[in-house]
Amino acid sequence: MHISKSLIPILKNNPTEAKIKSHQLMLRVGMIRQSSAGIYSWLPLGFKVMKKIEKIVREEQDKIGAQEILMPTIQSSDIWKESGRYDDYGEEMLRIKDRQNREMLYGPTNEELITEIFRSSIKSYKSLPQLLYHIQWKFRDELRPRFGIMRCREFYMKDAYSFDLSDEDARFSYNKFYLSYLKTFKRLDLSAIPMEAETGPIGGNLSHEFIILAETGESKIFTDKRIFEVDSDGYKPEKKSLEELRKKFETYYSVTDEKYNKSEFEKNVPSEHRIITKGIEVGHIFYFGDKYSKPLNASVDLQGGKKDFVKMGSYGIGVSRLVGAIIEAKYNDKDEIMKWPLAVSPYDVALIPLISKNETSNIEKANNIYDFLKEKKIDVIIDDTEENFSSKIKKFNLIGIPYQILVGKKSEGDLLEFKEIGKETQQLSLSQIADLLIKQKSKI
Ligand SMILES: Nc1ncnc2c1ncn2[C@@H]1O[C@H](COP(=O)(O)OP(=O)(O)O)[C@@H](O)[C@H]1O
Ligand SMILES: [Mg+2]
């Protein structure tokens with residue numbers, strides 16, 4: 001991509017309406033644009049990041065055997081009346097009437113719709129477990145949308161649902177998602193900790209929120225700091241392995257504020273290990289048994305002719321919120337430097353030539369480098385504008401592409417200035433740079 005031909009509307013200064021760094025940065029470098037309160041358009045830079053996050057989320061769902069589907073955003077109110085949530089959900093639900101005067105709604109979540117699909121498709125216990133997911137827009141008419149895409153009204157979520165015969169099997173499914181969440185967040189270079197949580201309007205009694213620490217987060221947490229040292233590598237989506245993993249995390253007290261109990265906290269956590277702080281909820285998993293299968297009559301035939309209601313769980317990841325959460329975790333707002341993990345960076349490398357009236361050869365040199373890198377399947381953005389060299393570098397420090405190639409006065413002969421954000425500049429040849437980038441990409 002050539003900057004001169006791109007839609008990347010950079011602002012000179014931080015927008016004053018934004019209160020937290022992720023919101024400021026996303027507006028500043030033109031990743032999103034507000035279209036109305038709590039509703040955003042995703043511009044190329046922001047959209048590329050979100051799509052890369054989505055891909056990682058999808059791969060980790062597929063790895064535990066979940067099947068991808070796509071349910072619509074608009075739902076009929078009928079199934080919500082069957083479950084009893086049509087009235088309970090209240091004003092957060094956006095209700096719409098179609099031309100036949102039928103009551104429709106923009107889905108805030110999909111327990112009812114997926115249960116309806118299940119009950120009309122699956123008849124026998126032999127088809128269980130069923131793990132299903134989709135990645136789709138949701139709408140919740142939040143009273144106070146804030147912090148940009150972190151708490152907005154229309155947002156992009158991965159929501160999965162599990163259907164099992166017994167309580168024990170359902171807990172196994174729950175644990176598979178628990179593991180896949182740890183793996184997903186790790187690939188996003190985030191340290192997201194599972195904390196015991198309240199189930200809220202979804203219902204049920206077993207639930208974890210996955211939380212990353214951040215001062216600007218909206219969840220209050222009480223935890224034993226040793227939980228951050230727990231190593232989740234090497235576990236497999238097998239019953240015993242998953243139980244061990246759960247046990248390992250559960251050695252340490254870690255809860256959100258609705259679950260907080262002062263005396264338990266003080267009894268279980270030595271004072272030097274206690275942390276009371278804030279965090280961002282990036283994922284939330286629930287086990288709720290037959291809360292929906294019973295009212296919606298979702299049952300399967302058992303051996304011997306009987307029937308039983310299936311046991312269900314649901315599992316959400318805030319795909320669009322993660323874009324902001326990664327910024328909160330990685331952006332140094334004092335020095336105005338962002339560094340995306342390569343796995344989700346909008347581009348692999350930024351190519352920054354010094355271009356001025358006396359320096360006309362650099363653009364040609366940079367265009368050749370650009371073509372070479374493209375050939376090697378490296379996603380490169382070139383700043384072909386005549387903006388001053390140091391402001392170009394500043395701009396890319398904000399955009400946060402982790403690698404920069406500077407084509408300026410210092411690149412002599414065959415050597416180029418290559419910089420990984422936050423590290424010393426190196427003098428490397430173009431083929432050395434390409435090899436290094438290909439190697440880093442292979443680790444994603
Ligand atoms: N208003 C919102 N804006 C952006 N992301 C959201 C919003 N509400 C929920 N999410 C994301 O979707 C995930 C699943 O949501 P869920 O737990 O059902 O909602 P809530 O936490 O509001 O009860 C959350 O962990 C969060 O990452
Ligand atoms: Mg939640």
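No experiment lies behind these values; they were computed from the predicted model shown.

Reading the values: rules and limits
Residues numbered from 1 in each chain as written. Chains lettered and ligands numbered in written order. Predicted model: local features only at pLDDT ≥ 70, side-chain atom pairs only at ≥ 80, totals over all residues. Heavy atoms only, no water. Salt bridge = Lys/Arg side-chain N within 4 Å of Asp/Glu carboxyl O. Helix = DSSP H or I, 4+ residues; strand = E, 2+ residues; numbered from the N terminus. Buried < 20%, exposed > 50% of the residue type's maximum accessible area, 1.4 Å probe, protein only. Pairing = 2+ DSSP bridges. Expected span 1.5 Å × (residues − 1). Near = heavy atom within 4 Å. Polar contact = N/O pair within 3.5 Å; in protein donor to acceptor, adjacent residues only side chain to side chain. Areas by Shrake-Rupley, 256 points an atom, 1.4 Å probe, with all protein chains shown as cover. Nonpolar A, V, L, I, M, F, W, Y, C, P; charged D, E, K, R; others polar. Phe/Tyr/Trp six-rings, centres within 6.5 Å; stacked < 30°, edge-to-face > 60°. Lys NZ or Arg CZ within 6 Å of the ring centre and 35° of its normal.

1. Description of the pattern of salt bridges
Right, so step 1: A full pass over the atoms with the stated rule returns 33 salt bridges.
Right, so step 2: The partner of R226 in a salt bridge is D224, with the nearest N and O atoms 2.8 Å apart.
Right, so step 3: Members of the salt-bridge network, linked through shared partners, are K55, E59, E60, K63 and R187.

2. Some remarks on the environment of P237
Right, so step 1: Mapped onto the elements of the fold, P237 is located in the loop between β11 (219-224) and α7 (239-250).
Right, so step 2: Residue P237 is classed as partly exposed on the basis of its relative accessible area, which comes to 35%.
Right, so step 3: Separated by 62 residues in the primary sequence, P237 and N175 place their C-alpha atoms 7.9 Å from one another.

3. Quick notes on the pairing of strand β13 (residues 274-289)
Right, so step 1: The pairing of strand β10 (residues 206-213) with β13 spans 8 bridges and is antiparallel. Looking at β13, one finds that E209 is bridged to H284.
Right, so step 2: In terms of strand pairing, β13 meets strand β16 (residues 311-318) through 6 bridges, oriented antiparallel. Pairing of I285 across the sheet is with Y315, part of β16.

4. Observations regarding helix α9 (residues 319-330)
Right, so step 1: For α9, which comprises 12 residues, the first-to-last C-alpha distance of 17 Å matches the rise-based estimate of 16 Å (1.5 Å per residue) to within 8%.
Right, so step 2: Burial runs high along α9: 10 of the 12 residues are buried.
Right, so step 3: Looking at α9, one finds that the buried residues are V319, S320, R321, L322, V323, G324, A325, I326, I327 and E328.

5. Focus on the site of ligand 1
Right, so step 1: Taken together, 14 residues lie near ligand 1, and R140, E142, C152, E281 and H284 sit nearest.
Right, so step 2: The separation between a nitrogen atom of ligand 1 and a polar side-chain atom of E142 is 2.9 Å.
Right, so step 3: Between C152 and ligand 1, the recorded distance is 2.9 Å, taken from a backbone N or O atom to a nitrogen atom.
Right, so step 4: Within the complex, the protein chains bury 88% of what would otherwise be the 530 Å² of accessible surface of ligand 1.
Right, so step 5: For the shell around ligand 1, the elements supplying multiple residues, two or more each, are β8 (154-164) and β13.
Right, so step 6: Sorting elements by how many residues they give to the shell around ligand 1 places β13 first, with 4 residues.
Right, so step 7: Class assignment for the residues of the shell around ligand 1 results in 6 nonpolar, 3 polar and 5 charged.

6. Topic: the packing of aromatic side chains
Right, so step 1: On inspection of all chains with the given rule, the structure shows 17 aromatic pairs.
Right, so step 2: Here the aromatic rings of Y106 and F139 are separated by 5.6 Å at their centres, their planes lie at 55°, and the arrangement is tilted. Residue Y106 is located in strand β6 (residues 103-106), and its partner F139 is located in strand β7 (residues 130-139); the two are separated by 33 residues in the primary sequence. Per residue, the accessibility class of Y106 equals that of F139, and both read buried.
Right, so step 3: Consider the rings of F222 and F265, whose centres lie 5.9 Å apart with planes at 80°: the pair is edge-to-face. Remark: F265 occurs in helix α8 (residues 262-268) and F222 occurs in strand β11; sequence separation between them is 43 residues.
Right, so step 4: Classification of F222 by relative accessible area gives buried; the value is 5%.
Right, so step 5: An aromatic cluster of at least three residues, connected via ring pairs, comprises Y178, Y181, F185, F210 and F249.
Right, so step 6: The ring of Y347 has K48 sitting right over it, with the charged end atom 3.9 Å from the ring centre.

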